[in-house]
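# Residue-level structure breakdown
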Amino acid sequence: MSRLATSPDEVSVFAKTAARRADENAGLRLKRRHAAETRFKAYGIAAIAIALGALAILLFSIVSKGYTAFVQTHIQLEITFDADTIDETGTRSIESLSRGNYAALVRNALYAQFPEVTSRRDKRSLARLASGGADLALRDMVLSDPSLLGQTRTVWVLASDDIDMLRKGYIERSLPEGERPIKDNQLGWYDALDQKGMVEAQFNRLFFTSGASREPELAGIWGAVVGSLLTMMVTLALTFPVGVGSAVYLEEFAPRNRWTDLIEVNINNLAAVPSIVFGLLGLAVFLNFFGLPRSVPLVGGMVLALMTLPTIIIAARAALKSVPPSIREAALGVGASKMQVVAHHVLPLAMPGILTGTIIGMAQALGETAPLLMIGMVAFIVDIPGGVTDPATVLPVQIFLWSDMPERGFVERTSAAIMVLIGFLILMNLLAILLRRKFERRW
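Please read all numbers here as calculations on a predicted model, not as lab measurements.

## Examining the overall build of the protein chain
Counting secondary structure elements, the protein chain contains 18 helices and 3 strands. Computed over its C-alpha atoms, the radius of gyration of the protein chain comes to 34 Å, more than 25% above the 22 Å expected for a compact globule of 443 residues. Looking at the protein chain as a whole, 39% of its 443 residues are labelled buried. Split by element, the accessible area of the protein chain, about 24,600 Å² in all, is 62% carbon and sulfur. Here the protein chain holds 43 positive side-chain charges and 40 negative ones, and the gap between their average locations is 12 Å.

Quick look at the structure:
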């Protein structure tokens, strides 16, 4: 028979032992919990470090390939503006001067630098040192100042893409002649000009002022930038009033029933639909059904408005919800109508959040490519668009087109255009943050 009773000393020893074991177990659990927290923090720091490292690598790759596009090689030549060559009619009219053979002026200036070049084949090779669009700058000079006719001026003309790539180090001199785009005689002529100080890199103004071109040294982003601005104007004009109005109705006036619940679910689902689906919708409705023109900012803005509208509605509703109910109750208590409460009190207080959501939605639309490809904005557009119905392209599509070009000069222009696009996106996000901090109210 077991002994049921124990002495007080035995009970005290047993209790102390149990308490000590409980303390030890609690200490072990506390150590394991602290170790788990330390590991979790380390995992978070490692994840952030990996993300920042990947971002740094991406930005370094883009910048290292694109910063050279902001400078362009030029050649100094003594240009004689021969009147017989560029003004055949002798009237000095704009029509006559516009049709002048300015390319011959560039070729003659190059031939004058190397009089020993006599064969037609060598002359053609020598003429390729200058860009095929170098004559455009001379034409603009004469059109702005016809008194240049008959004079000789020192002019920095645009070098060809091959010469530009050679100067920037993208063409290896050590390669055999058959494996590089520049021949040995062209290398000799370039070196002779360089030794005379007649070759230098200047700021690439054309990159920011010209439109698309088949020649890398003449290609610029201005046409795409104007197209993007026009497209964003159409998108903003459609999405802001419709999005804010929809959010105000759903949040402040709509009855709570299954129909409004269905609308809210569909809005949330539309915000997650792939952007190319909206491009297909625009192709089917705006182009095929309504017959609107292809590759114009008007249609592009309408398609991007469909894509951006759910995001703006969701952001606007969240901003309206953030306004305390006491604001509404106080306004109603002094006799304001429901419309006056919303228009004079709720909407002004929610506007900072609405503007922030709108800017973020517009930034998302600015970087979209897939829906615009579906409506034909992938076309090669040389002219700068003057309105929302003129053919145009946008900056992301221009980047897409340049990335498919085989010339080495388009590689740096692709990266440079990406840098410009990232700059626009950063500015838009900074604007959203500044608006939030400036107008945000804490309740």
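## Quick look at the packing of aromatic side chains
Per the stated rule, a full pass over the model turns up 8 aromatic pairs. On the basis of an interplanar angle of 90° and a centroid distance of 5.2 Å, the ring pair of Phe207 and Phe208 is categorised as edge-to-face. In this structure an aromatic cluster arises from ring pairing among Phe70, Phe203, Phe207, Phe208, Trp402 and Phe410. Lying over the aromatic face of Tyr111, Lys123 brings its terminal NZ or CZ to 5.1 Å of the ring centre. Arg408 extends its terminal NZ or CZ atom over the ring of Tyr170, reaching a point 3.8 Å from the ring centre.

## Digging into the nonpolar core
A general trend in soluble globular proteins is that nonpolar side chains are found buried together. Membership of the largest hydrophobic core comes to 35 residues, with the highest contact counts inside it found for Ile75, Leu77, Ile79, Phe81 and Leu138. Elements with a contribution of two residues or more to this core: strand S1 (71-80), helix H4 (102-113), helix H6 (134-144), strand S2 (152-158), helix H7 (161-167) and helix H8 (184-195). In terms of residue count, H4 provides more of this core than any other element does, 5 residues in total.

## A short note on the sheet that holds S2
Sheet architecture is open: 3 strands sit in the order S2-S1-S3, paired in antiparallel fashion. Each edge of the open sheet is held by one strand with a lone partner, namely S2 and strand S3 (199-203). For this sheet the average axis-to-axis angle between neighbouring strands, irrespective of direction, equals 45°. For S1 and S3, the ladder comprises 5 bridges, and the chain directions are antiparallel. Pairing of His74 across the sheet is with Glu200, part of S3.

## Looking at a nonpolar patch on the surface
On the surface, a nonpolar cluster with roughly 470 Å² of combined accessible area is contributed by Ile48, Leu52, Leu55, Leu58 and Leu59. Residue placement: Leu58 occurs in helix H1 (residues 8-66). What makes Leu58 partly exposed here is its relative accessible area of 48%.

## Re helix H5 (residues 120-127)
Residues of H5 that are buried include every one of Ser125, Leu126 and Ala127, and no others. At its buried positions, H5 is contacted by H4 and H8.

## Thoughts on the pattern of salt bridges
Tallied over the entire structure, the rule returns 11 salt bridges. A salt bridge links Arg167 to Asp194, with the nearest nitrogen and oxygen atoms 3.6 Å apart. With Arg167 in helix H7 and Asp194 in helix H8, the pair connects residues that are 27 residues apart, well separated along the chain. The exposure class assigned to Arg167 is partly exposed, which follows from its relative accessible area of 33%. Judged by relative accessible area, which is 31%, Asp194 ranks as partly exposed. Here Glu412 makes a salt bridge to Arg413, at a shortest N to O gap of 2.8 Å.

## Here we look at the packing of H4 against H6
Put simply, H4 and H6 touch, their axes get as near as 8 Å, and they point 115° apart. As summarised for this structure, H4 and H6 are arranged roughly perpendicular, according to the angle between their axes. Pair H4 / H6 crosses with right-handed handedness. In this structure, H4 uses Tyr102, Ala103, Leu105 and Val106 to contact H6, whose residues at the interface are Ala134, Asp135, Leu138, Arg139 and Val142.

About the cut-offs
- Residues numbered from 1 in each chain as written.
- Predicted model: local features only at pLDDT ≥ 70, side-chain atom pairs only at ≥ 80, totals over all residues.
- Heavy atoms only, no water.
- Helix = DSSP H or I, 4+ residues; strand = E, 2+ residues; numbered from the N terminus.
- Rg over C-alpha atoms; globule rule 2.2 N^0.38 Å.
- Buried < 20%, exposed > 50% of the residue type's maximum accessible area, 1.4 Å probe, protein only.
- Areas by Shrake-Rupley, 256 points an atom, 1.4 Å probe, with all protein chains shown as cover.
- Lys, Arg positive; Asp, Glu negative; His and termini not counted.
- Charge placed at Lys NZ, Arg CZ, Asp CG, Glu CD.
- Phe/Tyr/Trp six-rings, centres within 6.5 Å; stacked < 30°, edge-to-face > 60°.
- Lys NZ or Arg CZ within 6 Å of the ring centre and 35° of its normal.
- Core = buried A, V, L, I, M, F, W, Y, C linked by side-chain atoms within 4.5 Å.
- Pairing = 2+ DSSP bridges.
- Axes fitted to C-alpha atoms, helices over the stretch in contact; angles between N-to-C directions.
- Patch = residues over 30% accessible without salt bridge, like charges linked within 9 Å, V, L, I, M, F, W, Y side chains within 5 Å.
- Salt bridge = Lys/Arg side-chain N within 4 Å of Asp/Glu carboxyl O.
- Contact = heavy atoms within 4.5 Å.
- Parallel < 35°, antiparallel > 145°, perpendicular 65-115°, else oblique.
- Left-handed = near helix turned anticlockwise from the far one by under 90°.

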